[in-house]
Amino acid sequence: MSRRLVLPLLVALALGACATVPQQLAGTYPTVTPDAARSGSAQGTRVRWGGRIIETEPQQNSTCFFVLAEPLDSQARPEREGESDGRFVACREGFYDPEVYARGREVTVTGSLGGSMSRKIGDYDYNYPQVAADTVYLWPKRPRYMRSPYYDPFYDPFYDPFWGFGPYFFPPPVIIVHPGHHHH
């Protein structure tokens, strides 16, 4: 295949991969936010919400996920840098292991709004809109990129296995390409 055909094909594949919503999460959902749903006015509405797990709580026949809501991107994945839309609780039949569905992991759920659950956050009674979930999609952990205290104002030393050895000790790899040497 000539190089002229390969490049557009790769670009098309790369673009196609950008907006794939996982099958279980596909569909059109109204834009009700968890904050807006706290009033209880959106009962019965089908929602697709996501965010980071605050706590996973197995109960008798179901598991409830308390989630700090975040806006979803084009893949229906919570946006890391998004402003929070409040909190919600999603409950689904069956046992989900809190060690797997751990605090800080990203989930997207779909289901119907039904009532709310009051929980204390510190001394504050918070009214969690409750989703009867038919899908609880746990996102794979995002890759950890090596970060450096010299460039990152939000550097967290506990996040980085090479803490203290910044770019001065590990220079970035240099790839040398010799022009004119084509392999056929």
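Fair warning: this is a prediction, and the values are worked out from it, not measured in the lab.

K.L.:
Is there a simple way to think about the pattern of salt bridges in this case?
P.N.:
Two side chains with opposite charge may pair up if their charged atoms get near one another. Applying the stated criterion across every chain yields a total of six salt bridges. In this structure, the salt-bridge partner of Glu70 is Arg52, at a minimum N-O distance of 2.6 Å. You can see Glu70 sitting in strand 2 (residues 62–70) and its partner Arg52 sitting in strand 1 (residues 46–58), a full 18 residues away along the chain. Glu70 sits in the buried class, given a relative accessible area of 5%. Close ionic contact of Glu106 with Arg77 constitutes a salt bridge, the shortest N to O distance being 2.7 Å. A residue pair is termed long-range when its members are at least 10 positions apart, and Glu106 in strand 4 (residues 106–121) and Arg77 in the loop between strand 2 and strand 3 (87–93) qualify at 29 residues. Each of the two residues, Glu106 as well as Arg77, counts as buried. Residues joined by salt bridges that share partners form a network here, namely Arg77, Glu106 and Arg142.

K.L.:
Hey, could you run me through the packing of aromatic side chains in this one?
P.N.:
By convention here, two paired aromatic rings are described through the distance between centres and the angle between planes. Evaluated as defined, the whole model comprises eight aromatic pairs. Residues Tyr96 and Tyr101 carry aromatic rings whose centres are separated by 5.0 Å and whose planes lie at 90° to one another, so their mutual orientation is edge-to-face. Accessibility expressed as a relative area gives 14% for Tyr96, which makes it buried. Residue class for Tyr101 comes out buried when judged on its relative accessible area of 14%. Connected via pairs of aromatic rings, a cluster forms that spans Phe66, Tyr124, Tyr126 and Tyr128.

Criteria and cut-off values
- Residues numbered from 1 in each chain as written.
- Predicted model: local features only at pLDDT ≥ 70, side-chain atom pairs only at ≥ 80, totals over all residues.
- Heavy atoms only, no water.
- Salt bridge = Lys/Arg side-chain N within 4 Å of Asp/Glu carboxyl O.
- Helix = DSSP H or I, 4+ residues; strand = E, 2+ residues; numbered from the N terminus.
- Buried < 20%, exposed > 50% of the residue type's maximum accessible area, 1.4 Å probe, protein only.
- Phe/Tyr/Trp six-rings, centres within 6.5 Å; stacked < 30°, edge-to-face > 60°.

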